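Remarks on the overall topology
What follows is the residue order along each chain.
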Amino acid sequence: MSNDEMKKLQGDLIKAIEGAEGSAALEVVRIEALGKKGTLTEMMKTLGGLDPDARKAMGAALNEVKVAITAALEAKGKTLAAAALAARLEKERIDITLPVRGGESEGRIHPITQTYEEIVTIFAAMGFSVAKGPDIETDWNNFTALNIPPEHPARQMQDTFYMPPSTHGAVAVAGSEANCRAGVPQEMVLRTHTSPVQIRTMMGQKPPIRIIAPGRTYRCDSDMTHTPMFSQFEGLVIDEKTHMGHLKGCLLDFLRAFFGIDDLPLRFRPSYFPFTEPSAEIDIGCSRKGGELKLGNYGDWLEIGGCGMVNANVLRNCGVDPDKYQGFAFGTGIERLAMLKYGIPDLRTFFEADMRWLKHYGFVPLDIPNPAMGA
Ligand code: DAH
């Protein structure tokens, strides 16, 4: 066989390989070329009858064709497999964009959930992580470790739901970090604030700490502006040089982002909390002209929460060295923020499970731009 014929054979085979429309067709081409009775195989068999020089030249040429064909088969095989996979994926695709049957969905995101997610999103962007604690708390976490010892008048600041003694054994107050860590049985309460998550966090991990703790809280209180259950979120930052300027900057950034008001003023008003020293109430700028509350730089003030530098006693109670570490904490109500942002006038309506209310104040899932969706 001449060189030209050899080239033609190679060309024909490659054309056949490239034209194969599926792996079965490709296999037919492979067998025709390299199978037991394939063209190339048959030609290899004739080498034995040639004289040594011709055998050498022909052998080398045939081998070259074989290598080229093998490579082409392999490449085509891969292409066909990839195409088959793509076709299968396309065929088996599930359309998750299927619209809700019957038009607009009836479901709504509750304004508390929406507000909760907005708060978490903004603080997450500032490097905070979310810490959680249980609704049923120990006396130590809810009061004592927060520098509110038994009989301290500050306990009366918060009207507490106590759990019946049968749920936690003997009534006792653990009263110390050691007893608490040892699991000495103690009085249990429905947490009156999210501040116990500060204690859980500091007893459980070493500084630096930067958390927010959103969740439900409970107090025996029920009127126009109080419900027995409500939601708060707590912030806690502990590091070596954290100071009150950081606290103010952090709250300012959060509040301006949350309310979407770039020049929203923030004021600290001196106050008292057992767990902070110094302590302050957080006020934001507003107007009450004409009996209508409007947030912004209008000269009037509205209280929205409490804050301060974590009291050294609290750090000590959690085994954190106050000579090395310091930090700030803050706490505020989620319903209150939701009412202000979304113009919801009555706190109690949050918990009435009235579908008409939810339809009006709720959020259509995936529909409303919010920080959690990057809007
Ligand atoms: N726990 C307080 C309350 O429920 C709110 C609060 C005030 C939390 C000051 C704090 C703080 O972390 O520093 O009324």
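Residues numbered from 1 in each chain as written. Predicted model: local features only at pLDDT ≥ 70, side-chain atom pairs only at ≥ 80, totals over all residues. Heavy atoms only, no water.

1. Some points on the pairing of strand E9 (residues 300-310)
Condition: Residue exposure (1.4 Å probe, protein chains only): buried if accessible area is under 20% of the type maximum, exposed if over 50%, otherwise partly exposed. Secondary structure is summarised from DSSP: a helix means a run of H or I of at least four residues, a strand means a run of E of at least two, and numbering begins at the N terminus for each. The pairing criterion for strands is at least two bridges between them, as found by DSSP.
Counting buried residues in E9 gives 8 out of 11 residues, a clear majority hidden from the surface. By the bridge criterion, 9 bridges tie strand E7 (residues 276-287) to E9 in an arrangement that is antiparallel. From the neighbouring strand, Cys 286 faces E9, where its bridge partner is Asp 300. As paired strands, E9 and strand E10 (residues 326-333) are joined by 5 bridges and run antiparallel to one another. Note that in E10 the partner of Met 309 across the bridge is Phe 328.

2. Focus: the packing of aromatic side chains
Test applied: Two rings from Phe, Tyr or Trp (for Trp, the six-membered ring) form a pair when their centres are within 6.5 Å of each other. A pair whose planes differ by under 30 degrees is stacked, one over 60 is edge-to-face, and the rest are tilted. Counted as over-ring charges are cases with an Arg CZ or a Lys NZ within 6 Å of the ring centre that also lie within 35 degrees of the ring normal.
Under the definition given, this model contains 14 aromatic pairs. Between Phe 273 and Phe 275 the ring centres are 5.8 Å apart and the planes differ by 20°, which places this aromatic pair in the stacked class. Ring geometry for Tyr 342 and Phe 363: centres 4.9 Å apart, planes at 70°, overall edge-to-face. With Tyr 342 in helix H11 (residues 334-342) and Phe 363 in the segment after helix H12 (355-361), this residue pair connects regions lying 21 residues apart in the sequence. A relative accessible area of 24% places Tyr 342 in the partly exposed class. An aromatic cluster is built from Phe 123, Phe 128, Phe 233, Phe 254, Phe 258, Phe 259, Phe 328 and Phe 330, whose rings are joined through pairwise contacts. Taking NZ or CZ as reference, Lys 248 lies 5.2 Å from the ring centre of Phe 268, over its face. Over the face of the ring belonging to Phe 258 we find Lys 341, whose NZ or CZ atom lies 4.4 Å from the ring centre.

3. Focus: the side chain of Gln 198
Worth spelling out the cut-off: The definition of a polar contact used here is a pair of N or O atoms within 3.5 Å, where within protein one atom must be able to donate a hydrogen and the other to accept one, and adjacent residues in sequence count solely through side-chain atom pairs. The contact criterion used throughout is that any non-hydrogen atoms of two residues lie within 4.5 Å.
Note on placement: Gln 198 falls in helix H8 (residues 196-204). Reaching out from Gln 198, the side chain makes a polar contact with the side chain of Glu 234 at a distance of 2.6 Å. If we ignore the near neighbours within four places in the chain, the residues touching Gln 198 are Leu 146, Glu 234, Leu 236, Val 310 and Ala 329.

4. Here's the deal with the domain arrangement of the chain
A common way to report how large an interface is uses the accessible area buried once the components associate. Where we set the bar: The split into domains, and so the bounds of each, comes from an automatic or database assignment of domains.
The domain architecture assigned to the chain consists of domain 1 (3-92) and domain 2 (111-373). Distance from the C-alpha centre of domain 1 to the C-alpha centre of domain 2: 74 Å.

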